[in-house]
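# Report on the structure
Listed here are the chains, written in short residue letters.
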Amino acid sequence: MIPTITAFERSPDRGTGLARDMPVRWALEEVGQPYEVRLVSFSEMKEPAHLALHPFGQIPTYEEGDLALFESGAIVFHIAERHRGLLPHDANARARAITWMFAAISTIEPPILERTTAMFLEGDANWREQRLPLIDDRIRSRLAALSDRLGNADWLDGTFSAGDLVMVSVLRRLSASGMLDEYPNLAAYVARGEARPAFRSAFDAQLAVFTAASTG
Ligand code: GTB
C-alpha cells in the first residue's frame, strides 16, 4: 500500500528542507517505499478534515490504509519498524537506535526550538538580546556532549539508523546559525547524512514543491 504524507503547499522554509515532512520523506526514501504527497495550505491545516488526521493542525501526517499518524518522529519510527534498513536486527542495537531518536527529539531539539522561537516569533521583545546567549549556551552544552559521544565515528551507534536520521534532521535546523561549525565532527556528521542518496532524493522532492509554488 502506498502511503500518503502531507506537506506544506508553500513552505516557509523556502525549500531548504527544514519542514518536518523532510525526515518522513527521507525515511521513506531510505527504505525504498514509494509515497504520495498531499499538499496543504495553512488554512486547510486548520479545517476539520485535516484536524481529524492531526489534532494540532500541522504537517506532516501519514496515511496508510486505515492507519493515520502524526508527529514526524513517530512516523519515522513506524516506517523504520515496518521496513528493513533503519533499525538494526539485534535487539539491543535496535533499542539503542530508538534511544537516539528520543535523544534527538527530547534532549537535543528543545533548546534549538527555543532559539527558533526567540529569533522569529519573539523578535521584537526587549529581552531577546539577553535571552539568546542563554539559549545558545544551552545548545552548546548539548552539542558538546553529543560531539564527545560521536567522536570519530561516522554514525552514533555503528551503522546508519533511524536515530541518525532524526538526529541529523534536528541538527540541520542549526545550519544557518553557524554553531555546528564549532563542532567539526558534528558538522561532518550532518554533511554525511545530507550526502546519502535517500536524503538527496527527499530534499529534491520537497524543493520541487517549493519551486513549482514559486514559479506557478
Ligand atoms: N512535533 C511535530 C512533528 O515533529 O511532526 C511538529 C510539527 C510541526 O511543527 N509542523 C509545522 C507546522 O505544520 C511545520 S514543520 N506548522 C504550521 C502550524 O503549526 O500552523 C516546522 C517548521 C516550519 C517552518 C520552518 N521554516 O520556515 O524553516 C521550519 C520548520
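Attention in this report is confined to the structure presented alongside it. (Residues numbered from 1 in each chain as written. Predicted model: local features only at pLDDT ≥ 70, side-chain atom pairs only at ≥ 80, totals over all residues. Heavy atoms only, no water.)

## Notes on the environment of Val 190
Looking at the secondary structure, you find Val 190 in helix α8 (residues 184–194). Remark: the alpha-carbon pair of Val 190 and Leu 180, spanning 10 residues in sequence, is separated by 9.0 Å. Each residue touching Val 190, except ones within four places of it in the same chain, is listed here: Val 168, Leu 171, Arg 172 and Leu 180. (Helix = DSSP H or I, 4+ residues; strand = E, 2+ residues; numbered from the N terminus. Contact = heavy atoms within 4.5 Å.)

## Describing empty space enclosed by the protein
Applying the stated criterion across every chain yields a total of 2 cavities of 30 Å³ or more. Volume-wise, the largest cavity comes out at about 80 Å³. When residues of the lining of the largest cavity are assigned to their parent elements, the largest contribution, 3 residues, is made by helix α9 (residues 197–215). Partitioning the lining of the largest cavity into residue classes produces 6 nonpolar, 2 polar and 3 charged. Taken together, Pro 88, Ala 93, Ala 97, Asp 157, Thr 159, Ser 161 and Asp 164 make up the lining of the second largest cavity. Of the residues contributing to the lining of the second largest cavity, the split by class is 3 nonpolar, 2 polar and 2 charged. (1 Å grid on protein atoms, 1.4 Å probe; cavity = no way out; pocket = protein on both sides within 12 Å on 5 of 7 lines; lining within 4 Å. Points joined across faces, edges and corners; volume = space filled by probe spheres on them. Nonpolar A, V, L, I, M, F, W, Y, C, P; charged D, E, K, R; others polar.)

## Brief notes about the packing of helix α5 (residues 91–121) against helix α7 (residues 162–171)
At a minimum axis distance of 7 Å, the contact between α5 and α7 shows a crossing angle of 10 degrees. Judged by the angle between their axes, α5 and α7 are roughly parallel. The segment α5 lies against α7, with Ala 97, Trp 100, Met 101, Ala 103, Ala 104, Ile 105, Ile 108, Glu 109 and Ile 112 engaging Ala 162, Gly 163, Val 166, Met 167, Val 170 and Leu 171. For the contact of α5 with α7, the per-class residue count stands at 13 nonpolar, 1 polar and 1 charged. (Axes fitted to C-alpha atoms, helices over the stretch in contact; angles between N-to-C directions. Parallel < 35°, antiparallel > 145°, perpendicular 65-115°, else oblique.)

## Section: the side chain of Ser 161
Checked against the element boundaries, Ser 161 lands in the loop between α6 (128–150) and α7. Accessibility expressed as a relative area gives 6% for Ser 161, which makes it buried. Among residues more than four places away in sequence, those in contact with Ser 161 are Leu 86 and Ala 97. (Buried < 20%, exposed > 50% of the residue type's maximum accessible area, 1.4 Å probe, protein only.)

## Here we look at unusual backbone geometry
Going from Ile 59 to Pro 60, the amide bond is cis rather than trans, its omega being 0 degrees. With respect to the helices and strands, the residue Pro 60 is situated in the loop between α3 (48–51) and β3 (61–64). Within the chain, Arg 14 stands out as a residue other than glycine whose phi angle is a positive 55 degrees. Considering the arrangement of structural elements, one finds Arg 14 in the loop between β1 (4–8) and α1 (21–31). Given a relative accessible area of 60%, Arg 14 falls into the exposed group. In this model, Glu 71 sits at a positive phi of 80 degrees, which is unusual for a non-glycine residue. You can see Glu 71 is positioned in the loop between β4 (67–70) and α4 (72–82).

## Examining the packing of aromatic side chains
Applying the stated criterion to the full structure yields 7 aromatic pairs. On the numbers, 6.0 Å between centres and 20 degrees between planes, the contact of Phe 199 with Phe 203 is stacked. A residue pair is termed a helical-turn pair when its members lie 3 or 4 positions apart in one helix, as Phe 199 and Phe 203 do in helix α9 at 4 residues. A connected cluster of aromatic rings, assembled from ring pairs, spans Trp 26, Trp 155, Phe 160, Tyr 189, Phe 199 and Phe 203. Over the ring of Phe 160 we find Arg 196; its NZ or CZ atom is 3.6 Å from the centre of that ring. If you follow Arg 200 out to its NZ or CZ, it ends over the ring of Phe 203, 5.2 Å from the centre. (Phe/Tyr/Trp six-rings, centres within 6.5 Å; stacked < 30°, edge-to-face > 60°. Lys NZ or Arg CZ within 6 Å of the ring centre and 35° of its normal.)

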